[in-house]
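The lines below spell out each chain.
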Amino acid sequence: MPTLHSLSYKTKGKLDILHLENAFGSVDIALFGGQVLSYIPKSDGRERLWLSESAILDGSKAIRGGVPICWPWFGAHPSQTELPAHGYVRTQNWELIHASENQQGTTIELKPSSSQGAGFAGKAELSLIIHLGQELSIALHTRNLSEQSFRYNCALHSYFKVQDINHTELLGVTGQYTDKLQNNALFDTPVPYRLTQETDRVHLTTPARVEIRDKHNSIDIQHFGHDSLVVWNPWQAKSASMADMTAQGYESMLCVETAITAGQEVKAQETHVLKQVIR
Ligand code: TA6
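Bear in mind that the values here come from a model prediction, so they are computed numbers and not experimental data.

**Q** Outline the pattern of salt bridges, listing residues and values.
**A** Taken as a whole and assessed by the stated rule, the structure comprises 14 salt bridges. Notably, a salt bridge pairs D44 with R46, separated by 3.5 Å at the nearest N-O pair. Its relative accessible area of 19% is what places R46 among the buried residues. For K267, the salt bridge goes to E265, with nearest N and O atoms at 3.4 Å. A relative accessible area of 44% places K267 in the partly exposed class. The structure contains a network of salt bridges with shared partners spanning D44, R46 and R48.

Shown next as C-alpha coordinates:
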(Lines give C-alpha, C1' and ligand atoms only; values in the text may rest on other atoms or scores of the structure.)
Protein backbone atom coordinates (compact mmCIF):
# COMPACT_ATOMS: atom_id res chain seq x y z
CA MET A 1 0.00 0.00 0.00
CA PRO A 2 1.31 3.53 -0.77
CA THR A 3 2.60 5.46 2.26
CA LEU A 4 1.84 9.16 2.66
CA HIS A 5 1.89 11.46 5.69
CA SER A 6 -1.82 12.14 5.10
CA LEU A 7 -2.90 8.51 4.58
CA SER A 8 -3.40 5.87 7.29
CA TYR A 9 -5.36 2.65 7.71
CA LYS A 10 -7.87 1.72 10.38
CA THR A 11 -10.95 -0.43 10.81
CA LYS A 12 -14.63 0.34 11.49
CA GLY A 13 -16.61 -2.72 12.53
CA LYS A 14 -15.17 -5.39 10.25
CA LEU A 15 -14.38 -2.94 7.46
CA ASP A 16 -10.95 -1.72 6.35
CA ILE A 17 -10.92 2.07 6.29
CA LEU A 18 -8.59 4.52 4.54
CA HIS A 19 -8.17 7.62 6.69
CA LEU A 20 -7.04 10.83 4.99
CA GLU A 21 -5.98 13.71 7.26
CA ASN A 22 -4.31 16.89 6.09
CA ALA A 23 -4.36 20.64 6.70
CA PHE A 24 -7.78 20.90 5.06
CA GLY A 25 -9.71 18.17 6.86
CA SER A 26 -10.23 14.45 7.31
CA VAL A 27 -12.01 11.76 5.30
CA ASP A 28 -12.78 8.09 6.00
CA ILE A 29 -13.30 5.74 3.07
CA ALA A 30 -14.39 2.10 3.38
CA LEU A 31 -12.60 -0.17 0.91
CA PHE A 32 -15.86 -2.14 0.90
CA GLY A 33 -17.87 -0.32 -1.73
CA GLY A 34 -15.21 2.38 -2.23
CA GLN A 35 -17.51 4.38 0.02
CA VAL A 36 -16.69 7.72 1.62
CA LEU A 37 -18.18 7.53 5.13
CA SER A 38 -17.03 10.76 6.75
CA TYR A 39 -15.84 14.21 5.70
CA ILE A 40 -14.87 16.80 8.32
CA PRO A 41 -13.31 20.07 7.07
CA LYS A 42 -10.75 21.56 9.46
CA SER A 43 -12.35 25.01 8.94
CA ASP A 44 -15.30 24.22 11.22
CA GLY A 45 -14.81 20.64 12.44
CA ARG A 46 -18.36 19.77 11.37
CA GLU A 47 -19.20 16.36 9.86
CA ARG A 48 -20.82 16.78 6.45
CA LEU A 49 -21.94 13.20 5.91
CA TRP A 50 -24.49 11.01 7.69
CA LEU A 51 -23.87 7.39 8.65
CA SER A 52 -26.68 5.32 10.10
CA GLU A 53 -26.22 4.32 13.75
CA SER A 54 -27.43 0.89 12.60
CA ALA A 55 -25.28 0.68 9.48
CA ILE A 56 -24.11 -2.88 8.81
CA LEU A 57 -20.30 -2.72 8.87
CA ASP A 58 -19.32 -6.32 8.13
CA GLY A 59 -19.33 -6.38 4.33
CA SER A 60 -22.57 -8.37 4.13
CA LYS A 61 -24.68 -5.45 2.86
CA ALA A 62 -24.25 -2.00 1.33
CA ILE A 63 -23.36 0.55 4.02
CA ARG A 64 -26.26 2.86 4.92
CA GLY A 65 -24.72 6.30 4.72
CA GLY A 66 -21.78 8.26 3.37
CA VAL A 67 -21.54 8.19 -0.44
CA PRO A 68 -22.60 4.82 -1.91
CA ILE A 69 -21.48 4.30 -5.52
CA CYS A 70 -24.48 3.25 -7.61
CA TRP A 71 -23.16 1.77 -10.88
CA PRO A 72 -23.82 0.66 -13.67
CA TRP A 73 -27.52 1.18 -13.00
CA PHE A 74 -29.54 3.34 -10.59
CA GLY A 75 -32.43 1.90 -8.56
CA ALA A 76 -33.88 -1.40 -9.78
CA HIS A 77 -32.25 -3.01 -12.83
CA PRO A 78 -34.43 -2.01 -15.83
CA SER A 79 -35.14 -5.60 -16.93
CA GLN A 80 -33.60 -8.08 -14.47
CA THR A 81 -35.39 -7.21 -11.26
CA GLU A 82 -33.67 -10.05 -9.37
CA LEU A 83 -30.39 -8.14 -9.59
CA PRO A 84 -29.33 -5.89 -6.67
CA ALA A 85 -30.66 -2.32 -6.58
CA HIS A 86 -28.12 0.36 -7.54
CA GLY A 87 -25.78 -2.02 -9.34
CA TYR A 88 -23.04 -4.27 -8.08
CA VAL A 89 -19.97 -2.20 -7.16
CA ARG A 90 -21.16 -0.81 -3.81
CA THR A 91 -20.92 -4.34 -2.39
CA GLN A 92 -17.51 -5.15 -3.81
CA ASN A 93 -14.11 -4.75 -2.23
CA TRP A 94 -12.23 -1.88 -3.85
CA GLU A 95 -8.48 -1.43 -3.87
CA LEU A 96 -6.27 1.63 -3.57
CA ILE A 97 -4.30 1.97 -6.80
CA HIS A 98 -2.79 5.43 -6.43
CA ALA A 99 -2.15 8.00 -3.70
CA SER A 100 -0.39 11.38 -3.75
CA GLU A 101 -0.18 14.49 -1.60
CA ASN A 102 0.98 18.05 -2.10
CA GLN A 103 0.18 21.52 -0.81
CA GLN A 104 -3.18 21.44 -2.58
CA GLY A 105 -4.23 18.32 -0.67
CA THR A 106 -4.37 14.53 -0.87
CA THR A 107 -5.57 12.52 -3.86
CA ILE A 108 -6.33 8.80 -3.96
CA GLU A 109 -7.65 6.52 -6.68
CA LEU A 110 -9.65 3.37 -6.02
CA LYS A 111 -11.02 0.69 -8.31
CA PRO A 112 -13.52 -2.11 -7.71
CA SER A 113 -12.44 -5.74 -7.85
CA SER A 114 -14.43 -6.06 -11.07
CA SER A 115 -16.42 -3.67 -13.23
CA GLN A 116 -17.96 -6.60 -15.10
CA GLY A 117 -21.07 -8.22 -13.73
CA ALA A 118 -24.51 -9.69 -14.47
CA GLY A 119 -26.86 -7.08 -15.88
CA PHE A 120 -24.28 -5.01 -17.75
CA ALA A 121 -22.66 -5.99 -21.04
CA GLY A 122 -20.25 -3.06 -21.36
CA LYS A 123 -16.47 -3.53 -21.13
CA ALA A 124 -15.66 -0.71 -18.75
CA GLU A 125 -12.87 0.39 -16.48
CA LEU A 126 -14.21 2.09 -13.37
CA SER A 127 -12.20 4.24 -11.00
CA LEU A 128 -13.00 6.63 -8.17
CA ILE A 129 -10.73 9.62 -7.65
CA ILE A 130 -11.09 11.36 -4.30
CA HIS A 131 -9.35 14.66 -3.54
CA LEU A 132 -9.29 16.19 -0.06
CA GLY A 133 -8.34 19.84 -0.36
CA GLN A 134 -10.25 23.08 0.29
CA GLU A 135 -13.29 20.94 -0.66
CA LEU A 136 -13.92 17.21 -0.97
CA SER A 137 -14.12 16.07 -4.59
CA ILE A 138 -15.47 12.62 -5.47
CA ALA A 139 -15.18 11.71 -9.16
CA LEU A 140 -16.39 8.45 -10.72
CA HIS A 141 -14.62 7.69 -14.03
CA THR A 142 -16.23 5.22 -16.43
CA ARG A 143 -13.98 4.37 -19.37
CA ASN A 144 -15.23 2.34 -22.32
CA LEU A 145 -12.51 -0.23 -23.13
CA SER A 146 -14.34 -1.70 -26.13
CA GLU A 147 -14.94 -0.68 -29.74
CA GLN A 148 -18.71 -0.41 -29.20
CA SER A 149 -20.43 2.35 -27.27
CA PHE A 150 -22.54 1.48 -24.23
CA ARG A 151 -25.03 3.29 -21.99
CA TYR A 152 -25.12 3.24 -18.21
CA ASN A 153 -26.74 4.93 -15.21
CA CYS A 154 -25.09 5.80 -11.91
CA ALA A 155 -25.24 8.01 -8.85
CA LEU A 156 -23.08 9.36 -6.09
CA HIS A 157 -25.78 8.56 -3.54
CA SER A 158 -24.66 11.01 -0.87
CA TYR A 159 -26.23 11.05 2.60
CA PHE A 160 -25.76 14.51 4.11
CA LYS A 161 -25.98 15.19 7.83
CA VAL A 162 -28.57 17.79 8.89
CA GLN A 163 -29.43 19.01 12.35
CA ASP A 164 -33.18 18.44 11.91
CA ILE A 165 -34.89 17.56 8.62
CA ASN A 166 -37.97 19.42 9.86
CA HIS A 167 -35.98 22.66 9.78
CA THR A 168 -33.99 22.09 6.61
CA GLU A 169 -34.28 23.71 3.19
CA LEU A 170 -32.76 22.70 -0.13
CA LEU A 171 -31.77 25.66 -2.30
CA GLY A 172 -30.79 25.78 -5.98
CA VAL A 173 -33.05 23.05 -7.37
CA THR A 174 -35.52 24.21 -10.04
CA GLY A 175 -37.69 22.81 -12.81
CA GLN A 176 -39.64 19.57 -12.72
CA TYR A 177 -39.11 16.23 -11.03
CA THR A 178 -40.57 12.76 -11.31
CA ASP A 179 -41.98 11.44 -8.06
CA LYS A 180 -41.10 7.78 -7.47
CA LEU A 181 -43.85 7.63 -4.84
CA GLN A 182 -46.52 8.80 -7.31
CA ASN A 183 -45.88 6.55 -10.32
CA ASN A 184 -43.12 8.84 -11.53
CA ALA A 185 -45.62 11.60 -12.27
CA LEU A 186 -44.16 15.01 -13.08
CA PHE A 187 -44.32 17.88 -10.56
CA ASP A 188 -42.80 21.32 -10.19
CA THR A 189 -40.00 21.74 -7.66
CA PRO A 190 -41.42 23.48 -4.58
CA VAL A 191 -40.04 26.81 -3.38
CA PRO A 192 -39.09 26.91 -0.56
CA TYR A 193 -37.94 23.27 -0.82
CA ARG A 194 -38.70 21.73 2.54
CA LEU A 195 -39.48 18.06 3.32
CA THR A 196 -42.53 17.05 5.35
CA GLN A 197 -42.97 13.39 4.33
CA GLU A 198 -41.25 10.48 2.58
CA THR A 199 -39.55 11.99 -0.45
CA ASP A 200 -38.10 10.15 -3.44
CA ARG A 201 -37.63 12.42 -6.45
CA VAL A 202 -35.58 12.56 -9.64
CA HIS A 203 -35.10 16.22 -10.53
CA LEU A 204 -34.74 16.58 -14.29
CA THR A 205 -32.64 19.75 -14.25
CA THR A 206 -28.89 19.81 -13.77
CA PRO A 207 -27.95 22.63 -11.39
CA ALA A 208 -24.20 23.00 -10.97
CA ARG A 209 -24.58 23.88 -7.30
CA VAL A 210 -27.18 23.39 -4.57
CA GLU A 211 -27.17 24.17 -0.85
CA ILE A 212 -28.61 22.30 2.11
CA ARG A 213 -29.44 24.86 4.78
CA ASP A 214 -30.60 23.89 8.27
CA LYS A 215 -31.10 25.97 11.42
CA HIS A 216 -27.46 26.91 11.90
CA ASN A 217 -25.38 25.39 9.11
CA SER A 218 -25.21 24.85 5.38
CA ILE A 219 -23.58 22.35 3.05
CA ASP A 220 -22.54 23.43 -0.43
CA ILE A 221 -22.69 20.73 -3.12
CA GLN A 222 -21.45 21.06 -6.69
CA HIS A 223 -22.37 18.58 -9.43
CA PHE A 224 -20.63 17.71 -12.70
CA GLY A 225 -21.43 15.24 -15.49
CA HIS A 226 -24.97 14.58 -14.23
CA ASP A 227 -28.30 14.53 -16.04
CA SER A 228 -30.40 14.69 -12.89
CA LEU A 229 -30.39 15.13 -9.12
CA VAL A 230 -32.05 12.66 -6.78
CA VAL A 231 -33.52 13.82 -3.46
CA TRP A 232 -34.47 11.17 -0.91
CA ASN A 233 -35.59 10.88 2.66
CA PRO A 234 -37.41 7.71 3.82
CA TRP A 235 -39.26 9.55 6.62
CA GLN A 236 -40.41 7.94 9.81
CA ALA A 237 -42.29 4.77 8.83
CA LYS A 238 -39.73 3.57 6.28
CA SER A 239 -36.86 4.61 8.56
CA ALA A 240 -38.33 2.46 11.33
CA SER A 241 -38.85 -0.45 8.92
CA MET A 242 -35.25 -0.57 7.67
CA ALA A 243 -32.93 -2.88 9.61
CA ASP A 244 -29.99 -0.53 9.07
CA MET A 245 -31.77 2.68 10.11
CA THR A 246 -33.20 3.71 13.47
CA ALA A 247 -36.79 5.00 13.71
CA GLN A 248 -35.46 8.55 14.17
CA GLY A 249 -32.60 8.18 11.68
CA TYR A 250 -34.48 10.06 8.96
CA GLU A 251 -34.51 13.24 11.10
CA SER A 252 -30.78 13.86 10.68
CA MET A 253 -30.17 13.01 7.03
CA LEU A 254 -30.97 14.12 3.52
CA CYS A 255 -29.80 12.39 0.34
CA VAL A 256 -28.86 14.74 -2.50
CA GLU A 257 -27.45 12.57 -5.25
CA THR A 258 -25.47 13.56 -8.32
CA ALA A 259 -26.87 11.14 -10.87
CA ILE A 260 -27.25 9.82 -14.38
CA THR A 261 -30.76 8.37 -14.61
CA ALA A 262 -31.63 8.77 -18.31
CA GLY A 263 -28.74 6.69 -19.71
CA GLN A 264 -25.31 8.12 -20.45
CA GLU A 265 -23.67 6.98 -23.67
CA VAL A 266 -19.95 6.33 -23.53
CA LYS A 267 -18.40 5.92 -26.99
CA ALA A 268 -15.61 3.45 -27.72
CA GLN A 269 -12.42 4.28 -25.75
CA GLU A 270 -14.04 7.38 -24.23
CA THR A 271 -14.55 8.23 -20.54
CA HIS A 272 -17.48 9.79 -18.69
CA VAL A 273 -16.90 11.47 -15.33
CA LEU A 274 -19.57 12.01 -12.69
CA LYS A 275 -18.36 14.30 -9.91
CA GLN A 276 -19.63 15.78 -6.68
CA VAL A 277 -17.76 18.46 -4.74
CA ILE A 278 -18.72 19.07 -1.11
CA ARG A 279 -17.83 22.04 1.05
O1 TA6 B 1 -31.91 7.29 -4.20
C2 TA6 B 1 -33.19 7.01 -3.71
C3 TA6 B 1 -33.40 5.49 -3.69
O4 TA6 B 1 -33.41 4.97 -5.00
C5 TA6 B 1 -34.69 5.21 -2.94
O6 TA6 B 1 -35.70 4.72 -3.79
C7 TA6 B 1 -34.27 4.19 -1.87
O8 TA6 B 1 -34.40 2.86 -2.39
C9 TA6 B 1 -32.80 4.59 -1.67
O10 TA6 B 1 -32.33 4.85 -2.99
C11 TA6 B 1 -31.95 3.62 -0.89
O12 TA6 B 1 -31.73 2.46 -1.63
P13 TA6 B 1 -30.95 1.23 -0.90
O14 TA6 B 1 -30.88 0.14 -1.94
O15 TA6 B 1 -29.59 1.75 -0.51
O16 TA6 B 1 -31.78 0.90 0.31
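**Q** Break down the side chain of E47 for me, with residues and values.
**A** On the secondary structure map, E47 appears in the loop between β4 (35-41) and β5 (69-70). No salt bridge is formed by the buried E47, whose closest oppositely charged neighbour, K161, lies at an N-O distance of 6.9 Å. There is a polar contact of 2.5 Å between the side chain of E47 and the side chain of S38. From its side chain, E47 meets the backbone nitrogen of Y39 in a polar contact 2.8 Å long. Not counting chain neighbours up to four residues away, the residues in contact with E47 comprise S38, Y39, I40 and K161.

**Q** Please provide a residue-by-residue account of the site of the ligand, values included.
**A** Near the ligand, the surroundings consist of R64, F74, H86, R90, H157, K180, D200, V230, W232 and E257. Here H86 contributes a side-chain N or O atom positioned 3.0 Å from an oxygen atom of the ligand. Contact distances for the ligand include 2.8 Å between an oxygen atom and a side-chain N or O atom of E257. Bound to the protein, the ligand loses 81% of the 390 Å² it would expose on its own.

**Q** Summarise the sheet that holds strand β2 (residues 15-21); cite the residues concerned and give the values.
**A** Strand order across the open sheet formed by four strands is β1-β2-β3-β4, with antiparallel pairing between neighbours. Edge positions in the sheet fall to β1 (7-12) and β4, since each of these pairs with one other strand and no more. Strand-to-strand, the axes of this sheet are offset by a mean angle of 20°, without reference to chain direction. Across six bridges, the pairing between β1 and β2 is antiparallel. Along β2, the bridge assignment pairs L7 with L20.

**Q** Outline unusual backbone geometry, listing residues and values.
**A** A cis amide bond, omega 5°, links W71 with the succeeding residue P72. Tracing the backbone shows P72 in the loop between β5 and β6 (94-102). Of note in the backbone geometry, H86 takes a positive phi value of approximately 70° without being a glycine. Among the secondary structure elements, H86 is positioned in the loop between β5 and β6. The exposure class assigned to H86 is buried, which follows from its relative accessible area of 12%. Phi is positive for N183, close to 50°, though the residue is something other than glycine.

Definitions and limits used
Residues numbered from 1 in each chain as written. Predicted model: local features only at pLDDT ≥ 70, side-chain atom pairs only at ≥ 80, totals over all residues. Heavy atoms only, no water. Salt bridge = Lys/Arg side-chain N within 4 Å of Asp/Glu carboxyl O. Buried < 20%, exposed > 50% of the residue type's maximum accessible area, 1.4 Å probe, protein only. Helix = DSSP H or I, 4+ residues; strand = E, 2+ residues; numbered from the N terminus. Lys, Arg positive; Asp, Glu negative; His and termini not counted. Polar contact = N/O pair within 3.5 Å; in protein donor to acceptor, adjacent residues only side chain to side chain. Contact = heavy atoms within 4.5 Å. Near = heavy atom within 4 Å. Areas by Shrake-Rupley, 256 points an atom, 1.4 Å probe, with all protein chains shown as cover. Pairing = 2+ DSSP bridges. Axes fitted to C-alpha atoms, helices over the stretch in contact; angles between N-to-C directions.

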